[in-house]
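Structure assessment
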Amino acid sequence: MKSNLCFFILLFYGLYVQAQEQPDFQKKVRFGVKTGINGSLFTRNVTPTANGNRTDLSYFNRYFRASALAGLTVDGQLTDRITLGAELLFNSRGMVYREKNNYVIIVDDDGQEQQAYNNFNYNIDYVEFPILISYNFKPSAYRLFLSAYAGMAPAIAVNSKTKLRYQDGVDGDGGRGRNETLPLKYVNHFNNSLLAGIKVGDNTPFKINLYGDFRLSYTLLPVFSRSVSDQGDNLDTRMFTCSASVGIRF
């Protein structure tokens, strides 16, 4: 993994040096930053809580986990239509299980009652190194670019935990529920994702450009290093993520 990290550092540095030393190369190399939101979901049911006494899935429903991503980008134009890109991202992913809490009443501003829920959140934070190849449907001379891309995203898990949150602190048995944040065990420290997406935005030369990025990704390796938990429950799953982000290139 250290060799991969060194490769990405050298790639960013090499493109930066070329951009500084060759004035006519500035049009072909664009650095940037991006930030956005994820919706991620495990492909299979896994143990819904870290509590070994609660492994029943019947009251839980799976939901996408909303989370954030942010990082640095660099794009090098290879031809008039084809671009090679690299990114360095902090990418928070995971999923959520949710169950109804009928012991809590929530009233909105209009006086209407709403359903209360307890949430169990899988939180896995990655540092990712996506490598992308893009095809621009518009010639580089156009002010607007529209491109489709595909690539791979090696990733290192830097943080993993579970969060059990009871609505208003009351659990499904009517007693006081204790919110919990616990380490998430057996997460694969390294993973790799297949990804594809589209970008659309401003392409004006020598100016800061704004763009939107819409991406789908799928982990090629299991999320966990074990197929079952200590209680014998399933941990054999991969992860699907859709993301929407905005960025600037300069």
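Residues numbered from 1 in each chain as written. Predicted model: local features only at pLDDT ≥ 70, side-chain atom pairs only at ≥ 80, totals over all residues. Heavy atoms only, no water.

**Some words on the overall build of the chain**
Defined as follows: Here a strand is any run of E in DSSP of at least two residues, a helix any run of H or I of at least four, and the numbering for each starts at the N terminus. Contacts are residue-level and defined by heavy atoms, with any inter-residue pair within 4.5 Å sufficient.
The number of helices and strands found in the chain is one helix and eleven strands. When its helices and strands are written in sequence order, the chain yields α-β-β-β-β-β-β-β-β-β-β-β. Taking the contacts inside the chain whose residues are at least 6 apart along the sequence as the reference set, 71% of them involve residues at least 24 apart.

**As for the nonpolar core**
Threshold: We define a nonpolar core as any set of buried Ala, Val, Leu, Ile, Met, Phe, Trp, Tyr and Cys residues linked to one another through side-chain atoms lying within 4.5 Å. For every residue, the accessible area obtained with a 1.4 Å probe (protein chains only) is divided by the maximum for its type, and the residue is called buried under 20%, exposed over 50%, and partly exposed between those limits.
In this structure, Phe42, Tyr97, Tyr122, Ile124, Tyr126, Val223 and Phe224 are the most contacted members of the largest nonpolar core, which totals 20 residues. It is strand 5 (residues 113-128) that contributes the most residues to this core, four residues altogether. Excluding residues that lie within four positions of it along the chain, Ile124 makes contacts with Phe42, Asn91, Ser92, Arg93, Ala157, Asn159, Ser160, Leu184, Val187 and Val223.

**With respect to the pattern of salt bridges**
Quick note on the threshold: The salt bridge criterion pairs a side-chain nitrogen of Lys or Arg with a carboxyl oxygen of Asp or Glu, the two atoms within 4 Å.
Taken as a whole, this structure holds ten salt bridges when the rule is applied. Arg93 serves as the salt-bridge partner of Glu128, at 2.9 Å between the closest nitrogen and oxygen. Taken together, the residues Glu128 in strand 5 and Arg93 in strand 4 (residues 82-107) connect sequence positions 35 residues apart. The exposure class assigned to Arg93 is buried, which follows from its relative accessible area of 2%. Salt-bridge contacts for Asp230 lead to Lys185; the nearest nitrogen and oxygen are separated by 3.1 Å. Of this pair, Asp230 sits in the loop between strand 10 (209-219) and strand 11 (239-249) while Lys185 sits in the loop between strand 8 (180-183) and strand 9 (190-202), placing them 45 residues apart in sequence. Residue Asp230 is classed as partly exposed on the basis of its relative accessible area, which comes to 47%. A relative accessible area of 48% means that Lys185 is categorised as partly exposed. Members of the salt-bridge network, linked through shared partners, are Lys34, Glu87, Asp213 and Arg215.

**Describing the confidence of the model for the chain**
Predicted coordinates in regions of low pLDDT should not be interpreted in detail. Selection rule: Scored from 0 to 100, pLDDT records how confident the predictor is in each individual residue.
On average, residues of the chain carry a pLDDT of 84, and 81% of them reach 70 or more. Counting contacts from residues 18-26, a segment whose pLDDT is below 50, to residues more than four positions away or on other chains yields six contacts.

**Some remarks on unusual backbone geometry**
Of note in the backbone geometry, Tyr186 takes a positive phi value of approximately 70° without being a glycine. Along the polypeptide, Tyr186 turns up in the loop between strand 8 and strand 9.

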